[in-house]
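Survey of secondary and tertiary structure
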Amino acid sequence: MRKNIVAGNWKMNNDLSESKKLVKGIKKAIKKKELKNTRVIVSPTYVSLSAVVKKAKKSAIEVAAQNMHQADNGAYTGEISADMLKSVGVKIVILGHSERREYFGETDALLAEKVDQALKNKLEIIFCFGEVLEDRKNDNHFKVVESQIKNALFHLDAKAWKNIVLAYEPVWAIGTGETASPEQAQEMHAFIRNLVANKYDAKVADNVSILYGGSVKPANAKEIFSKQDVDGGLIGGAALKTEDFVALIDAI
Ligand code: PEP
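What comes next is a walk through the structure. This structure is a prediction, so every number in the text was calculated from the model and none was measured.

**Quick notes on the site of the ligand**
- In the neighbourhood of the ligand, 14 residues make up the surrounding shell, with K11, H97, E169, G175 and S215 lying closest.
- Taking E169, its side chain carries an N or O atom lying 2.6 Å from an oxygen atom of the ligand.
- Take S215: an N or O atom from its main chain is 2.7 Å from an oxygen atom of the ligand.
- Its free accessible area being 290 Å², the ligand has 95% of it covered by the protein chains.
- Here the shell around the ligand is built from residues that sort into four nonpolar, eight polar and two charged.

**Topic: the environment of E113**
- Here E113 lies in helix α5 (residues 108-120).
- Placed 93 residues apart in sequence, E113 and D206 show a C-alpha to C-alpha distance of 25 Å.

**Describing the layout of surface pockets**
- Roughly 390 Å³ of internal volume is contained in the largest pocket.
- K11, M12, Q66, R100 and F104 are, among the 14 residues lining the largest pocket, the residues nearest its centre.
- Of the residues that constitute the lining of the largest pocket, the class distribution is six nonpolar, five polar and three charged.
- Each pocket or cavity is described by its volume, and for the second largest pocket that value is around 320 Å³.
- W161, K162, I164, N207 and V208 are, among the 18 residues lining the second largest pocket, the residues nearest its centre.
- Those elements that provide at least two residues to the lining of the second largest pocket are β6 (164-168) and α9 (202-207).
- Considering every element that reaches the lining of the second largest pocket, the biggest residue donor is α9, with three residues.
- Tallied by class, the residues present in the lining of the second largest pocket amount to eight nonpolar, two polar and eight charged.

Criteria and cut-off values
Residues numbered from 1 in each chain as written. Predicted model: local features only at pLDDT ≥ 70, side-chain atom pairs only at ≥ 80, totals over all residues. Heavy atoms only, no water. Near = heavy atom within 4 Å. Polar contact = N/O pair within 3.5 Å; in protein donor to acceptor, adjacent residues only side chain to side chain. Areas by Shrake-Rupley, 256 points an atom, 1.4 Å probe, with all protein chains shown as cover. Nonpolar A, V, L, I, M, F, W, Y, C, P; charged D, E, K, R; others polar. Helix = DSSP H or I, 4+ residues; strand = E, 2+ residues; numbered from the N terminus. 1 Å grid on protein atoms, 1.4 Å probe; cavity = no way out; pocket = protein on both sides within 12 Å on 5 of 7 lines; lining within 4 Å. Points joined across faces, edges and corners; volume = space filled by probe spheres on them.

Set out below in C-alpha cells:
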C-alpha cells in the first residue's frame, strides 16, 4: 500500500543552528503522534545534513538531500555525490526540482542520469516535475508532465519504482501563494497514475506515492490532501516553521 508523505524542502534556508532547532522542534511535536501510514521527511541544505540526521535519530523523521551529482566522484567543484550523502546517513534525494531545472539548467536527460545514479546507490528519489504557467494557459500541462516523466523515468524497470516518489509541482504555484485547486491537483495526479499504469501495471501505479507541491499551507492542506490520488505534499515555505509543518502532518 502506498504511503502518505509530508516532505519539507528547506531550500537555501536555515544555517546549522537553525536547522538543528527546526528538526528538534518537529521531533518533539510529533513524538506522541500516531503517524500510521504517514512518512515525515525534511530536506535541509547540504551543510546541515549530517547534524539533522543525528538529531532525527529515534524519531519518525527521515532526511533527504535537495540534489546530487550524477557522477561517482571526480573533478566537479562544488558538487556532492551519492556516496557522500550515504556517508552521512542520507537515504533519500530530491531530484528535478523546478528551481534546479530553471536556475541550474537541469534537463530531462541530465535528470535521467541522476535518477540512475541515485538508484545505483540505493537512494530513494523524490522526483519533481510540473508545468510553467504558459503551459497551463495553453492547455499543454498534461503533455509537458507526460514528457518530463517519460524522459527521466520510463527507462526504469518496474522494480525500480519501489524507490520512486513522484512530486507534481506546478511551477506557477511554487512560492507564489497561488495553489492549484484540489480538483486541478486531483485531475493531474489521476493522469500521472494512469500514465504509470499504462507503462507498467496497476500495481506499480497504485503503490507509487504522488505528492503535490505548490504553496501548500495549513489553511489549504486538508482539502488538497483529501483527494484520492494526492498522497501528501512537498512543502517549501510552510516547512520552515515547526507549527506550520506539524499542522500539515495533522492535515493528512
Ligand atoms: C517547493 O519548493 O517544492 C514548494 C512547493 O514550495 P512552496 O511550498 O513554498 O510553494
